[in-house]
Amino acid sequence: MAKMEVKTSLLDNMIGVGDMVLLEPLNEETFINNLKKRFDHNEIYTYIGSVVISVNPYRSLPIYSPEKVEDYRNRNFYELSPHIFALSDEAYRSLRDQDKDQCILITGESGAGKTEASKLVMSYVAAVCGKGAEVNQVKEQLLQSNPVLEAFGNAKTVRNDNSSRFGKYMDIEFDFKGDPLGGVISNYLLEKSRVVKQPRGERNFHVFYQLLSGASEELLNKLTLERDFSRYNYLSLDSAKVNGVDDAANFRTVRNAMQIVGFMDHEAESVLEVVAAVLKLGNIEFKPESRVNGLDESKIKDKNELKEICELTGIDQSVLERAFSFRTVEAKQEKVSTTLNVAQAYYARDALAKNLYSRLFSWLVNRINESIKAQTKVRKKVMGVLDIYGFEIFEDNSFEQFIINYCNEKLQQIFIELTLKEEQEEYVREGIEWTHIDYFNNAIICDLIENNTNGILAMLDEECLRPGTVTDETFLEKLNQVCATHQHFESRMSKSSRFLNDTSLPHSCFRIQHYAGKVLYQVEGFVDKNNDLLYRDLSQAMWKAGHTLIKSLFPEGNPAKINLKRPPTAGSQFKASVATLMKNLQTKNPNYIRCIKPNDKKAAHIFSEALVCHQIRYLGLLENVRVRRAGYAFRQAYEPCLERYKMLCKQTWPHWKGPARAGVEVLFNELEIPVEEYSFGRSKIFIRNPRTLFKLEDLRKQRLEDLATLIQKIYRGWKCRTHFLLMRKSQIVIAAWYRRYAQQKRYQQIKSSALVIQSYIRGWKARKILRELKHQKRCEEAATTIAAYWHGTQVRREYRKFFRANAGKKIYEFTLQRIVQKYFLEMKNKMPSLSPIDKNWPPRPYLFLDSTHKELKRIFHLWRCKKYRDQFTDQQKLIYEEKLEASELFKDKKALYPSSVGQPFQGAYLEINKNPKYKKLKDAIEEKIIIAEVVNKINRANGKSTSRIFLLTNNNLLLADQKSGQIKSEVPLVDVTKVSMSSQNDGFFAVHLKEGSEAASKGDFLFSSDHLIEMATKLYRTTLSQTKQKLNIEISDEFLVQFRQDKVCVKFIQGNQKNGSVPTCKRKNNRLLEVAVP
Ligand SMILES: Nc1ncnc2c1ncn2[C@@H]1O[C@H](COP(=O)(O)OP(=O)(O)OP(=O)(O)O)[C@@H](O)[C@H]1O
Ligand SMILES: [Mg+2]
């Protein structure tokens, strides 16, 4: 997604003022207060025009993230809040796009953050410039040169745990696209005295500690070193460990960085060997030894260390030993050798150590340059980054401080020159009249130091080269003579009488009033340090070393190249290199970063106003603001100016159609800003006073609030309206739906009502039609009937004469026939069951069929009886015949009869055959036995009864004794004339015998039997079949029997109940026998 272009400005959300140029009123107090206010709000960067003031926060702030890099990338300098990235971006872009070589000058005192700033600039440029494998390697090498140089050139001081002890200027080279090609590093005056001696609370260069802490045992053995710092005289012990610094880890970082930069393994090893040699040199000690000629002579105390050094460096031990004891001076083919006393020997030793180390450092810089130098010959664009030691004022200031401050003096000079130049150029460019600016120009101080004829450095060189006794005091004297009248030079001995009484000025000192303050220099050591002498014997000894690196570090030791000319002094060397640097810088577009240290405690959040005030003074920052503001305090291109303030004027708001300049003119006229307050340049508006700008800003703020209110108002209106419209729309939708629903409901109701009404109407109509149709049909039918009758009548009337005589009879017969036919057909279906005892019979349908109906019933009954009978077997038939016979004989005559109907006639109740008792009896009877039964024979005389076996055969009737089976009587059936019995329910019967027959001698028999009906019937049937005569059966309640001679009347009476249910028989007299029947 494309990043949204938001027009912002430095002026937005400012804490204090982001640009000191806008400070009103401008004085030291307001300046410091502004810095402090911003510092307290973590705003460590503040501008003075295009200069960045950076206050060291002493803690990591989240303002260097990749996101921040993106924020500042390709943005205008004044668009965002002040940042070192804005300056870096500006520099990089004008290098890339406008083809202007750039230099970034970072100044400030020790610990102010110069080195950090330079690294931030480099990392920013590395982040925004081109990418690609090759480019990235170049970037990596450039960035990794820092840890190497810091290890060898930085040390812990009381001011800074990572203080750069050398000046560094690095040119980064780019191609036309802005891709880095390589770089060149220049170093300035390493503080080599640190190698042999460090002030209290400070350390030697980092690399010594890193080597001893971080090297493997193997490496240490190889270098014949011990890990213990205390073993080495050159290492101060009081601050061997630095808080928050891991020397061992840093050692690995450095080795890694060396590898990336391109050091070969053997090169890195050689470097460490030199470092080890320097360390060990410090342990060489001398003792005095008297010689005959009375001169002092020194001797090495313990040669072990010397031996190890020589083994390490491949130097002949005797050569080195001699070099520590003698000094050879050659002049005009003459060699003079003098012995060294102990002090001189120590001086020589330290000089060697210092030289060895500082040359190693220069070699390192060269070696790095070799690696990082651009590979192509194409034209390069250059961005120089200068990280040089800042202006220093100590209690004891010596040659080093003098040199450093001279350098700063020069930088200030170039700053003034370039700033003014730039300012002037801009005025010319913009066509604005240049007004003279009053400011302090430090050229006069530079002149005091560097003037070739009577400058301090020239004096010093002169002294050093002068034959005769040369001391620091003679040098001071000389200074007193030459510089006494200079208004920036002070000394006790100066001719300027006003200082004569100044007791604060010691005798062995001189004071220079630098642009940044007065500095008192101790003259002691100036001559020596300027000479920077290394005895020739030592350099020759070094040149003879087998160690190629060491050998290469001392080319002047080569006897073949003996140069009798003195080497250039340190001062002149430095002056020359500073001059080169200045020339170099002058060709470039300068960008300034002025670092300020907020406190002396290396602590975050502390802002010491006094300390800051001091720095502001010597950095000349107020001057800087004044210069910048001399003519016009603020300038801005027309477009952004119009863009920012166009809302202040009706004509320009919201859009200005014409050119931006005209717009700004209209705007300023409208706002009635006094004409003397501003000027129109070619591309920029120049505002003389910050007050005017702030007025504009205030108006803008006010107007923005109004606009915000307006926008808010419109937005709210819009929002409410939108909401209202939405609600209305929704309401309409809801209403529509509701109406639709209601209408639907109503419609459905109407429809169903209509349907009901409709159906009623249709029903009514249909019924009406049906009624009419029915009526019509009935009418038609009636008409047809009437017509039929009428026709019938007509026809009958017509035909009557033809069949009146027999038609009625025929019709009658036909009708009758139909009825009978129907009757029979119906009867067929209504027939009762075939059971003879079924009494059911369908009712008679017509009266005239009554007889037929009865007859039919009779016939049906007979038929079904026959059917019934046809089923019988012969035996059954016989039984039924007998039963029928009995029925004919006794039905409705004898009261006993009905009870006999259900009893089957068995005949032989007594089974004579089976009973052995009656065997005789059986044998006596040949015929078939029809009845064999036990009966009661009534005694004729008294009416009492005796049991007798009653047997009936085909021809005879036999009576036998029940017990013995002996036949008592035998009556042939032909002799039986009659059987008598009562009509009542008793079993008495009399068998009448033929008078005169043999059997009748005793008279008739009177019996009583349980099976009277059966016996009488069978007797009747047998008699009939044997004699062909019907036996007379008399049924009467009074009959006569013949007992011997007597005729006795048997009378049946309804007896009393005395004997229960059994009839009793009693002979009343010879004429009467009474039977009482219950
Ligand atoms: N921008 C910063 N953010 C966080 N810490 C910083 C910043 N600048 C400096 N510091 C801290 O301050 C210390 C000193 O900074 P630096 O080494 O850059 O000072 P210097 O100006 O180079 O001093 P010298 O002149 O002694 O070399 C750093 O080690 C770091 O801890
Ligand atoms: Mg530094």
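Here the structure is a predicted model, which means the values were calculated and not measured. (Residues numbered from 1 in each chain as written. Chains lettered and ligands numbered in written order. Predicted model: local features only at pLDDT ≥ 70, side-chain atom pairs only at ≥ 80, totals over all residues. Heavy atoms only, no water.)

Draft legend 1. The arrangement of the overall build of the chain in detail. From N to C terminus, the chain includes 31 helices and 31 strands. Principal axes of the C-alpha set define a box for the chain whose edges measure 235 × 100 × 60 Å. Relative to its full complement of 1078 residues, the chain shows a buried share of 48%. The contacts of the chain with a sequence gap of at least 6 include a subset with a gap of at least 24, amounting to 64%. Split by element, the accessible area of the chain, about 56900 Å² in all, is 53% carbon and sulfur. Separation of charge centres in the chain, based on 165 positive and 132 negative side chains, amounts to 19 Å. (Helix = DSSP H or I, 4+ residues; strand = E, 2+ residues; numbered from the N terminus. Buried < 20%, exposed > 50% of the residue type's maximum accessible area, 1.4 Å probe, protein only. Contact = heavy atoms within 4.5 Å. Areas by Shrake-Rupley, 256 points an atom, 1.4 Å probe, with all protein chains shown as cover. Lys, Arg positive; Asp, Glu negative; His and termini not counted. Charge placed at Lys NZ, Arg CZ, Asp CG, Glu CD.)

Draft legend 2. Inspection of the environment of Glu417 at higher detail. Along the polypeptide, Glu417 turns up in helix H14 (residues 399–430). Owing to a relative accessible area of 36%, Glu417 belongs among the partly exposed residues under this scheme. Distance from Glu417 to Asn441, taken between C-alpha atoms, is 8.8 Å for residues 24 residues apart in sequence.

Draft legend 3. Spatial organisation of the coordination of the magnesium ion (ligand 2). The magnesium ion (ligand 2) binds to the protein through Thr115 (OG1) and Ser164 (OG), with metal-donor distances spanning 1.9 to 2.0 Å. Taken together, the residues span a long stretch of sequence, with Thr115 in helix H4 (residues 114–128) and Ser164 in strand E5 (residues 163–164) at a distance of 49 residues. (Donors = N, O, S within 2.8 Å, 3.2 Å for Na, K, Ca; no water.)

Draft legend 4. Main features of the side chain of Glu305. With respect to the element layout, Glu305 can be found in helix H11 (residues 303–313). Of note is the side chain of Glu305, whose polar atom sits 3.2 Å from the side chain of Lys280. Leaving out residues up to four positions away in the same chain, Glu305 has contacts with Arg231, Lys280, Asn283 and Ile284. (Polar contact = N/O pair within 3.5 Å; in protein donor to acceptor, adjacent residues only side chain to side chain.)

Draft legend 5. A look at the packing of H14 against helix H16 (residues 456–465). Taken N-terminus to C-terminus, the directions of H14 and H16 make an angle of 145°; their axes are 12 Å apart at the nearest point. The element H14 and its partner H16 pack so that their crossing is left-handed. Contacts between H14 and H16 involve Phe399, Phe402, Ile403 and Tyr406 from the first element and Ile456, Leu457 and Leu460 from the second. Across the contact of H14 with H16, the residue classes break down as seven nonpolar, no polar and no charged. (Axes fitted to C-alpha atoms, helices over the stretch in contact; angles between N-to-C directions. Left-handed = near helix turned anticlockwise from the far one by under 90°. Nonpolar A, V, L, I, M, F, W, Y, C, P; charged D, E, K, R; others polar.)

Draft legend 6. Structural view of the pattern of salt bridges. Under the criterion given, the structure shown has 59 salt bridges. Between Lys119 and Glu116 there is a salt bridge, with its nearest N and O atoms 3.8 Å apart. One end of the pair, Lys119, and the other, Glu116, are both in helix H4, three residues apart, so they sit about a helical turn from each other. A relative accessible area of 24% means that Lys119 is categorised as partly exposed. A relative accessible area of 47% places Glu116 in the partly exposed class. Notably, a salt bridge pairs Asp961 with Arg948, separated by 3.5 Å at the nearest N-O pair. Of this pair, Asp961 sits in strand E22 (residues 956–961) while Arg948 is found in strand E21 (residues 945–953), placing the two residues 13 residues apart along the sequence. No difference in accessibility class separates Asp961 from Arg948, as the two residues are buried. When salt bridges that share partners are traced, they join Arg165, Glu191, Arg194 and Glu202 into one network. (Salt bridge = Lys/Arg side-chain N within 4 Å of Asp/Glu carboxyl O.)

Draft legend 7. Fine view of a nonpolar patch on the surface. Together, Ile711, Tyr715 and Trp718 give the surface a local cluster of nonpolar side chains, amounting to about 370 Å² of exposed area. With a relative accessible area of 43%, Tyr715 lands in the partly exposed category. (Patch = residues over 30% accessible without salt bridge, like charges linked within 9 Å, V, L, I, M, F, W, Y side chains within 5 Å.)

Draft legend 8. Expanded view of the sheet that holds strand E12 (residues 381–387). Here we have seven strands laid out as an open sheet, ordered E1-E2-E16-E3-E12-E6-E7, and mixed in their pairing. The sheet is open, and its two borders are formed by strand E1 (45–48) and strand E7 (180–188), each paired with just one other strand. The average undirected angle you get between the axes of adjacent strands in this sheet is 20°. Where E1 and strand E2 (residues 51–55) come together, four bridges link them in antiparallel fashion. Paired with Ile48 across the strands is Val51, a residue of E2. Running over the sheet, helix H13 (residues 342–372) touches strand E6 (167–174) and E7 and is turned about 170° from E7. (Pairing = 2+ DSSP bridges.)

Draft legend 9. Main features of the sheet that holds strand E13 (residues 489–491). Strands sit in the order E13-E14-E15 across an open sheet of three strands; the sheet is antiparallel. Whereas interior strands pair on both sides, the edge strands pair on one side only; in this sheet they are E13 and strand E15 (517–522). Strand-to-strand, the axes of this sheet are offset by a mean angle of 25°, without reference to chain direction. Where strand E14 (residues 509–514) lies against E15, six bridges are found, and the strand directions are antiparallel. Residue pairing across strands places His514 opposite Gly517, the latter belonging to E15.

Draft legend 10. Region of the structure containing the packing of aromatic side chains. Tallying each qualifying case throughout the model produces 41 aromatic pairs. On the basis of an interplanar angle of 10° and a centroid distance of 4.5 Å, the ring pair of Phe872 and Tyr880 is categorised as stacked. We classify Phe872 as buried; its relative accessible area is 15%. With a relative accessible area of 41%, Tyr880 lands in the partly exposed category. (Phe/Tyr/Trp six-rings, centres within 6.5 Å; stacked < 30°, edge-to-face > 60°.)

Draft legend 11. Structural context of H14. The terminal C-alpha atoms of H14 lie 46 Å apart, and with 32 residues this matches the ideal 46 Å at 1.5 Å per residue to within 8%. The buried count for H14 comes to 25 of 32 residues, which makes it a mostly enclosed element. Positioned one or two residues after H14, Gly431 has a phi angle of 70°, which is positive. (Expected span 1.5 Å × (residues − 1).)

Draft legend 12. Spotlight on the pairing of strand E24 (residues 976–981). Here E24 runs beside strand E25 (residues 988–993); their pairing, made up of five bridges, is antiparallel. Directly across from Met981, in E25, lies its bridge partner Phe989. The turn linking E24 back onto E25 is made up of six residues. With four bridges connecting them, E24 and strand E27 (residues 1032–1035) associate as parallel partners. Bridge assignment links Val979 to a residue of E27, and that residue is Ile1033.

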